[in-house]
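Structural description and commentary
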Amino acid sequence: MGDVFVLAEHRRGELREVTLEMLGKGRELAGQLGGQLKAVLLGHGVDAFAKELADQAHEVLVVEDERLENFNSELYQKVLASLLTERKPTLTLIGHTACGMDLAPSLAAELNLPLATDCIGFEFEDGRLLAIREMYGGKLQARVSFLESRISNLESQYMATVRQAAFPLQELEPLGGQIVALDSPLAEEARRKKFIEYVEAAVGEVDITQSEIVVAVGRGIKERENLEIVEKLAEAVGGVLAGSRPVIDAGWLPPERQVGQSGKTVKPKLYIAVGISGASQHLAGMKGSETIVAINKDPNAPIFNVATYGIVDDLFKVVPALTEQLSGA
Ligand SMILES: Cc1cc2nc3c(=O)[nH]c(=O)nc-3n(C[C@H](O)[C@H](O)[C@H](O)COP(=O)(O)OP(=O)(O)OC[C@H]3O[C@@H](n4cnc5c(N)ncnc54)[C@H](O)[C@@H]3O)c2cc1C
């Protein structure tokens with residue numbers, strides 16, 4: 001009773017960060033619900049992940065099956081439906097990722113569980129769990145309550161998908177959880193979906209989500225020709241160049257460089273925002289960055305609300321001066 005399950009997401013030999021973010025938040029929620037935090041790990045040859053997760057959870061429930069080597073929502077659904085029906089956690093957290101979006105709605109429908117998607121926070125009100133979600137493109141935040149479960153008269157069960165980078169990665173005291181191997185309930189191969197292969201991004205493309213330094217440029221740059229000064233800054237700090245939506249829409253940078261709600265979510269060590277106002281849709285994709293430096297001539301630009309350091313001045317003056325300093329020229 002009161003247990004929180006977190007579905008571990010992994011891909012190509014790596015645990016996705018959202019898993020650890022959910023475990024950090026999940027620990028707090030399990031404490032408030034008076035239950036335990038359990039990581040659920042499905043896969044093949046995942047002992048190393050199980051050990052890593054054991055530090056962050058009271059228990060790691062592992063289903064080892066070669067059919068689970070790569071994510072397949074049909075098979076994941078089968079395993080999780082059986083696990084959740086049997087163990088009845090109060091709350092199940094799944095990353096709001098491509099995998100989670102594929103899996104959670106169908107799983108919740110099968111189990112008749114209330115599901116809140118793309119959550120960025122959780123609260124309790126009169127002992128009732130509420131999820132926080134953004135609405136109207138991030139202009140509003142809504143606190144939503146869950147319908148009581150209709151599955152049975154037993155304990156209520158809820159499910160939520162959690163936005164990536166909504167919760168920080170925390171250095172928490174290791175829990176030294178127990179690793180529990182469970183039998184795979186899978187009786188057959190997947191029938192409707194089949195994993196084929198991972199397709200690498202085309203050569204020359206940059207994965208801005210993996211860079212420790214991101215220099216993002218916004219509409220303040222005014223013209224494509226002016227991008228060069230920001231490119232030079234990115235080079236000087238050893239970062240990658242990204243952009244706000246208007247810059248992408250104008251075709252000045254490719255779509256995979258867009259940061260924000262309809263682009264990529266980044267969490268670099270350093271994010272430099274150049275001529276970006278800080279609309280909520282942009283902030284959604286970068287506010288989890290460790291250090292944010294904003295350069296904007298408008299002192300009231302909302303980007304300064306999330307910035308660690310702000311420079312209120314003309315970017316055409318500041319950026320070349322900064323580049324010169326950083327290049328030691
Ligand atoms: C459903 C939806 C999804 C969206 N998704 C995204 C998304 O994923 N990513 C995203 O970025 N946006 C997204 N948007 C758009 C978002 O609402 C904003 O319109 C956009 O982020 C604004 O980009 P910007 O800050 O570059 O431009 P602006 O808001 O025009 O800001 C330009 C800034 O540059 C400053 N500036 C101008 N000249 C100079 C100068 N010489 N020196 C210094 N500063 C200067 C100005 O003061 C201003 O603050 C989305 C919108 C919707 C409705």
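Residues numbered from 1 in each chain as written. Predicted model: local features only at pLDDT ≥ 70, side-chain atom pairs only at ≥ 80, totals over all residues. Heavy atoms only, no water.

What about the overall build of the chain?
Regarding its fold elements, the chain presents nine helices and 16 strands. For the chain, whose C-alpha radius of gyration is 22 Å, the value lies close to the compact-globule estimate of 20 Å for 329 residues. Principal axes of the C-alpha set define a box for the chain whose edges measure 65 × 45 × 35 Å. The buried share of the chain, taken over its 329 residues, is 47%. The contacts of the chain with a sequence gap of at least 6 include a subset with a gap of at least 24, amounting to 63%. Split by element, the accessible area of the chain, about 16,600 Å² in all, is 47% carbon and sulfur. Averaged over its 33 positive side-chain charges, the chain has a centre that lies 5 Å from the centre of its 47 negative ones. (Helix = DSSP H or I, 4+ residues; strand = E, 2+ residues; numbered from the N terminus. Rg over C-alpha atoms; globule rule 2.2 N^0.38 Å. Buried < 20%, exposed > 50% of the residue type's maximum accessible area, 1.4 Å probe, protein only. Contact = heavy atoms within 4.5 Å. Areas by Shrake-Rupley, 256 points an atom, 1.4 Å probe, with all protein chains shown as cover. Lys, Arg positive; Asp, Glu negative; His and termini not counted. Charge placed at Lys NZ, Arg CZ, Asp CG, Glu CD.)

Let's talk about the nonpolar core
Counting 32 residues, the largest nonpolar core has Val 4, Leu 41, Leu 53, Val 60, Leu 91, Leu 93 and Phe 122 as its most contacted members. No other element matches the five residues that helix 1 (residues 17–33) contributes to this core. Those residues in contact with Leu 91 that sit more than four places away from it in its chain are Asp 3, Val 4, Phe 5, Leu 29, Leu 129, Tyr 158, Met 159 and Ala 160. Core analysis: the second largest hydrophobic core is formed by 25 residues, Leu 42, Leu 83, Leu 113 and Leu 186 among them. (Core = buried A, V, L, I, M, F, W, Y, C linked by side-chain atoms within 4.5 Å.)

As for the domain arrangement of the chain
Each assigned domain of the chain is listed with its residue range as follows: domain 1 (4–182) and domain 2 (208–327). Each of domain 1 and domain 2 has a C-alpha centre, and these two points are 33 Å apart. Counting from both sides, the interface comprises 11 residues of domain 1 and, opposite them, seven residues of domain 2. Overall, the association of domain 1 and domain 2 removes approximately 630 Å² of surface from exposure, summing both partners, and the carbon and sulfur fraction of that is 39%. Seen at the junction of domain 1 and domain 2, the total is three salt bridges. Measuring nitrogen to oxygen at the nearest pair gives 2.3 Å for the salt bridge that ties Glu 21 to Lys 267. Here domain 1 and domain 2 share one residue pair in polar contact (both at pLDDT 80 or more) between them. Tallied by class, the residues present in the side of domain 1 that touches domain 2 amount to three nonpolar, three polar and five charged. (Domains from an automatic or database assignment. Buried area = accessible area lost by both parts, 1.4 Å probe. Salt bridge = Lys/Arg side-chain N within 4 Å of Asp/Glu carboxyl O. Polar contact = N/O pair within 3.5 Å; in protein donor to acceptor, adjacent residues only side chain to side chain. Nonpolar A, V, L, I, M, F, W, Y, C, P; charged D, E, K, R; others polar.)

Focus on the packing of helix 5 (residues 227–237) against helix 9 (residues 315–327)
At a closest axis distance of 9 Å, the pairing of helix 5 and helix 9 adopts a crossing angle of 30 degrees. By the angle between their axes, helix 5 is roughly parallel relative to helix 9. In this structure, helix 5 meets helix 9 at a crossing whose hand is left-handed. Residues Ile 229, Val 230, Lys 232, Leu 233, Ala 236 and Val 237 of helix 5 form the contact with helix 9, whose participating residues are Leu 315, Phe 316, Val 319, Pro 320, Leu 322, Thr 323, Leu 326 and Ser 327. For the contact of helix 5 with helix 9, the per-class residue count stands at 11 nonpolar, two polar and one charged. (Axes fitted to C-alpha atoms, helices over the stretch in contact; angles between N-to-C directions. Parallel < 35°, antiparallel > 145°, perpendicular 65-115°, else oblique. Left-handed = near helix turned anticlockwise from the far one by under 90°.)

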